[in-house]
Amino acid sequence: MIKKTDVVIIGAGPVGLFAVFELGLLNINVHLVDNLDKPGGQCAELYPEKPIYDIPARPKITAQELIDDLLKQIDPFKPTFHFNQQVNSIKKIEEGWILETSEKIKIECKCIIIAAGAGSFVPRKLPIEGIESLENKRVLYSIKDKSILQDKDILIAGGGDSALDWTNELAKISNVTLIHRRKEFRAAPDSVSKMIELEKQNKIIFELGQIKEIYKNSKDKLDIKYQNDDTINSIEVDYLLPFFGLKMELGPIANWGLNLNENLISVDTEKFETSIPTIFAIGDINTYPGKLKLILSGFHESALMAQQCFKYCFPDKKNIFKYTTSSKELHKKLGIK
Amino acid sequence: MTKLLVKDRNGNISEIKAETGSTLMEIIRDAGMDIEAACGGCCACATCHIYVDEKLYKSLPSKDEDEESMLDQAFEVKPNSRLACQLEFNDDLEGLLVELAPE
């Protein structure tokens, strides 16, 4: 079944979220698609606890507080979120567009707003020669079905929450070795103490080092060489699970025929529309003369973009400019009695 | 003019203008060199990973816990690994050689 809405916003970071507000004031309904499992983009994923000092009228606010407040601000408009997926393809139809996500969800809309920041978050891949042919087979960056790992020899690499959580979880069903470059871990203290306890009970093995080489050997196992200071050791396992955080990639957007300028989308500064009418780009992903990659620039771009979206969504209606301070109609939309 | 020497991933060394008070990441990025610096310099990723000339490494302010733990997301971490966003340039670093780590 194809879902129908006025506008799809690609990216649920601060700018995508604020765009929901500006569009909502103009009665434009919104779906958002984001590859993360939660709203907030870089703010929520990379630096939730870091303070931001240049949001107007907020002398100091942490990135997560900013996202929480934006979610509160857009709540009256009840946007629909589609997490853990990206928009893979877009198809032009007479009435607008049909988008298809990596989870096979189809959405029909009149306008597309790209608010994708620096791109989709995807797992950071080990830069090791020959690893590509093993990825998603023996080298897994995410685990969809852990039963394939039952009773297998597994090497988990990394020192963050994913590495430690999977170490503790898979210790129950597999033979786990954890490898990390140092004895300290940035994962949650609870997970770290659990892992240390498992190591004491010999339920897992911990090795210090960094992975250097990976080969598939004649026994159909992975031979992995790792280095600690000047010593090189090797280990034979069935699966390698590297957890080195996430990186950002433009992804399928690059193939939609938009005018790009070094992976940024060129827009005009009146409507923030791309080279393809009815597709807009706002926030860090766009570029124009004088562009500053600031959250506040993205907020401004959202407001102007929404004006043009209104024209596309309601070609027969006149948009009468109103202030949230005084308009009873806007108060009603915002749920203010 | 104070300068910084930057070795790129092909081994070529460029001499770039460096201003006191900017971070090494900002200096390298604004010179148009290939440093991702995804988080913009708030020590929330590891995409400005560099190796610092070992002779001068000891004279730099030491890493704090934030920087050390972000380096966990980097590859090929060496004893002279640093995040360029956490190092501020000053006159004592004139002519410092740094190398961009593999991506």
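Here we summarise the structure given alongside this text. As the structure is a prediction and not an experimental result, all values here were calculated from the model. Per chain, residues are indexed from 1 in the order of the written sequence. Note on labels: chains are lettered from A, ligands numbered from 1, in written order. Where totals are concerned, whole chains, interfaces and linings use all residues; where local detail is concerned, this predicted model gives features only for residues with pLDDT of at least 70, and gives and counts side-chain atom pairs only at 80 or more.

**Let's talk about the overall build of chain B**
Convention followed: Secondary structure elements are taken from DSSP: a helix is a run of H or I of four residues or more, a strand is a run of E of two residues or more, and numbering for both begins at the N terminus. Radius of gyration means the value over C-alpha atoms here, while the globule rule gives 2.2 Å times the residue count to the 0.38 power. Comment: burial labels come from other C-beta atoms within 10 Å of the residue's own C-beta, placed from the backbone, where a count of 20 or more is buried, 12 or fewer is exposed, and between is partly exposed. Throughout, a pair of residues is in contact if the C-beta atoms placed from their backbones lie within 7 Å.
Each helix and strand counted, chain B has 3 helices and 5 strands in total. Each helix and strand of chain B, placed in order from N terminus to C terminus, yields the pattern β-β-α-β-α-α-β-β. Since a compact globule built from 103 residues should have a radius of gyration of about 13 Å, the 12 Å found for chain B is in line with a globular shape. Considered along the principal axes of its C-alpha atoms, chain B spans approximately 35 × 25 × 25 Å. Classification of the 103 residues of chain B by burial places 38% in the buried group. Partitioning the intrachain contacts of chain B with sequence separation of at least 6 by distance along the chain shows that 64% fall at a separation of at least 24.

**Re the interface of chain A and chain B**
So the rule is basically this: Residues are grouped as follows: Ala, Val, Leu, Ile, Met, Phe, Trp, Tyr, Cys and Pro are nonpolar; Asp, Glu, Lys and Arg are charged; all remaining types, including Gly, are polar.
Taken together, the contact between chain A and chain B spans 18 residues of the former and 13 residues of the latter. Taken together, the residues of the side of chain A that touches chain B break down into 7 nonpolar, 6 polar and 5 charged.

**Quick notes on the sheet that holds strand E1 (residues 3-7) of chain B**
Residues and elements named next belong to chain B. The following threshold applies: Two strands are said to pair when DSSP picks up at least two bridges between them. Only the stretch in contact is used when fitting a helix axis, every axis being a line fitted to C-alpha atoms; angles between N-to-C directions are given from 0 to 180 degrees.
Strand order in the open sheet formed by 5 strands is E2-E1-E5-E3-E4, and the pairing between neighbours is mixed. Because the sheet does not close on itself, it has two edges, and the strands there are strand E2 (13-17) and strand E4 (81-83). Strand-to-strand twist across the sheet, computed as the mean angle between neighbouring axes with direction ignored, equals 35°. For E1 and E2, the ladder comprises 5 bridges, and the chain directions are antiparallel. Paired with Leu 4 across the strands is Ile 16, a residue of E2.

**Here's the deal with the environment of Asp 54 of chain A**
Residues and elements named next belong to chain A. Locating Asp 54 in the fold gives a position in the loop between strand E4 (51-52) and strand E5 (61-62). Judged by C-beta crowding, with 10 C-beta atoms within 10 Å, Asp 54 ranks as exposed. C-alpha separation for the pair Asp 54 and Gln 64, spaced 10 residues apart in sequence, amounts to 15 Å. Leave out the neighbours within four places in its chain, and Asp 54 touches Leu 294 and Leu 296.

**A look at the sheet that holds strand E7 (residues 87-93) of chain A**
Residue and element names in this part refer to chain A. Reading across from one edge, E1-E9-E8-E7 is the order of the 4 strands in this open sheet, with mixed pairing throughout. The open sheet has two edge strands with one neighbour each: strand E1 (2-4) and E7. Strand-to-strand twist in this sheet, taken as the mean axis angle between neighbours without regard to direction, amounts to 25°. In this structure, strand E8 (residues 96-101) lies alongside strand E9 (residues 106-109), joined through 4 bridges in antiparallel fashion. Paired with Leu 99 across the two strands is Ile 107, which belongs to E9.

**Examining helix H3 (residues 63-74) of chain A**
Residues and elements named next belong to chain A. How we decide: Helix span, expected: 1.5 Å multiplied by one less than the number of residues in the helix. The directions considered for the arc run from the helix axis to the C-beta atoms.
Helix length check: H3 (12 residues) gives 17 Å between terminal C-alpha atoms against 16 Å at 1.5 Å per residue, within 8%. Listed in full, the buried residues belonging to H3 are Ala 63, Leu 66, Ile 67, Leu 70 and Ile 74. Angularly, the buried residues of H3 cover 95° about the axis, an arc narrow enough to put them on a single face. Those residues of H3 that are buried are in contact with helix H1 (14-25), helix H2 (41-45), E4 and E5.

**So, the packing of helix H4 (residues 161-170) of chain A against helix H5 (residues 189-200) of chain A**
Residues and elements named next belong to chain A. Our working rule: Just so you know how the angles are binned, under 35 degrees is roughly parallel, over 145 roughly antiparallel, 65 to 115 roughly perpendicular, and the rest oblique. When the near helix sits turned anticlockwise from the far one by under a right angle, the crossing is termed left-handed; a clockwise turn instead gives a right-handed crossing.
Two elements in contact, H4 and H5, have axes separated by 9 Å at closest approach and are oriented at 40°. With respect to their mutual orientation, H4 and H5 come out oblique. Crossing handedness for the pair H4 and H5: left-handed. Mapping the contact onto sequence places Asp 161, Leu 164, Asp 165, Thr 167 and Asn 168 in H4 and Ser 191, Val 192, Lys 194, Met 195 and Leu 198 in H5. In the contact of H4 with H5, the residues fall into 4 nonpolar, 3 polar and 3 charged.

Don't take any of this as a statement about function, it's just geometry.
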